[in-house]
Amino acid sequence: MRGRFPIGRGALMLLALTFLGSGVLRILDGAGMAVAREVAEMSSDQGTLGRCVAAPGLAEALDAVRAREAAVALREDQIADRLAALDLAEAAIARQLADLDAAEARLMSTMALSETAAEDDLVRLTSVYENMNPKDAVPLFQQMSPDFAAGFLARMRPDVAAEIMSGLTPETGYAISVLLAGRNAGAPTE
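Quick summary incoming for the structure in this document. (Residues numbered from 1 in each chain as written. Predicted model: local features only at pLDDT ≥ 70, side-chain atom pairs only at ≥ 80, totals over all residues. Heavy atoms only, no water.)

1. A look at the overall build of the protein chain
Worth spelling out the cut-off: Per the convention used, a helix needs a DSSP run of H or I reaching at least four residues, while a strand needs a run of E reaching at least two, with both numbered from the N terminus. The buried label goes to any residue with under 20% of its type's maximum accessible area, the exposed label to any with over 50%, and the partly exposed label to all in between, with areas taken from a 1.4 Å probe on protein chains only. Here, Shrake-Rupley sampling with a 1.4 Å probe gives the accessible areas, and only protein chains in the shown set may cover a residue.
Tallying secondary structure elements over the protein chain gives six helices and zero strands in all. When the elements of the protein chain are put in sequence order from the N terminus, they spell out α-α-α-α-α-α. A total of 190 residues make up the protein chain; the buried ones form 11% of that total. Only carbon and sulfur atoms are counted for the fraction: they give 63% of the accessible area of the protein chain, which is about 15,300 Å².

If you want it as structure tokens, here you go:
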């Protein structure tokens, strides 16, 4: 004997305590089930098992919130559609601006070509008139309007222009002289 209980009796005591603990657990488990059954029976008698009783007006408030949520979702969809349409419009405008820039560049190129071509034509025609015999050129200048003739004479070398002017009638020569003298009269002096 070592302690208060002999070795055989200690093992027996441990086995008895285990059986006792098991019995207590079974009783408590059965009591818990019995309490749960009792609560379930009481709830089923009242018809509230598994249901929550809502406060007055809560259902209407919940419906209002759901309606507002649906309206907000619809508005978000509309805004998303508008943003997509704006993106498409911006892309179309950007393409049109690029097309306009390209067209403007082509037009400027054409205008520059046209201006140089017209200037080249005037230079060539002036050269032709300069190289003509003045006696042959005088009848042509006599038939031209004075402002048109003045434009060519202003471009010519002074000696050739003088020979052509000397062959014109006094009225035509005077009209051309007036135009040549007044060409730059309105130009700013400062």
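2. Digging into a nonpolar patch on the surface
For the record, the criterion: Here the term patch refers to residues with relative accessible area over 30% and no salt bridge, with like charges joined within 9 Å and nonpolar side chains (Val, Leu, Ile, Met, Phe, Trp, Tyr) within 5 Å. In the sections that follow, a salt bridge refers to a side-chain nitrogen of Lys or Arg positioned within 4 Å of a carboxyl oxygen of Asp or Glu.
Taken together, the side chains of Met 13, Leu 17, Leu 20, Val 24 and Leu 28 present a nonpolar region at the surface, about 490 Å² in accessible area. Checked against the element boundaries, Leu 28 lands in helix α1 (residues 7-46).

3. Section: the pattern of salt bridges
One pass over the structure, following the stated rule, counts five salt bridges. The partner of Asp 63 in a salt bridge is Arg 66, with the nearest N and O atoms 4.0 Å apart. Pair noted here: Asp 63 and Arg 66 are both in helix α2 (residues 58-131), with a separation of three residues, about one helical turn. Arg 157 is the salt-bridge partner of Glu 130, the closest N and O atoms lying 4.0 Å from each other. With Glu 130 in helix α2 and Arg 157 in the loop between α4 (146-155) and α5 (158-167), this pair connects stretches of sequence that are 27 residues apart. Of the residues examined, Glu 130 reaches a relative accessible area of 16% and is grouped as buried. A cluster of three or more residues bridged by salt bridges with shared partners is formed by Glu 130, Arg 157 and Asp 159.

4. Details of α2
In plain terms, the rule: Helices are assigned an expected span. That span is 1.5 Å times one less than the residue count.
With 74 residues, α2 should reach 110 Å at 1.5 Å per residue; the first-to-last C-alpha distance of 107 Å fits that figure. Regarding α2, the residues found buried are Thr 126, Tyr 129 and Glu 130.

5. Some thoughts on helix α6 (residues 170-182)
Rule in force here: Think of the arc as the fan of directions from the helix axis to the C-beta atoms. By definition, residues are in contact when any of their heavy atoms lie within 4.5 Å.
The terminal C-alpha atoms of α6, which comprises 13 residues, lie 18 Å apart, in line with the 18 Å expected from a rise of 1.5 Å per residue. Among the residues of α6, Thr 172, Gly 173 and Ile 176 are the ones counted as buried. Seen from one end, α6 has its buried residues packed into an arc of 95°, which puts them on one side. Away from the buried face of α6 by more than 90 degrees, exposed residues Pro 170, Glu 171, Tyr 174 and Ala 181 are located. Looking at the buried positions of α6, the neighbouring elements they touch are α3 (134-143), α4 and α5.

All quantities given are derived from atomic positions and should not be read as evidence of function.
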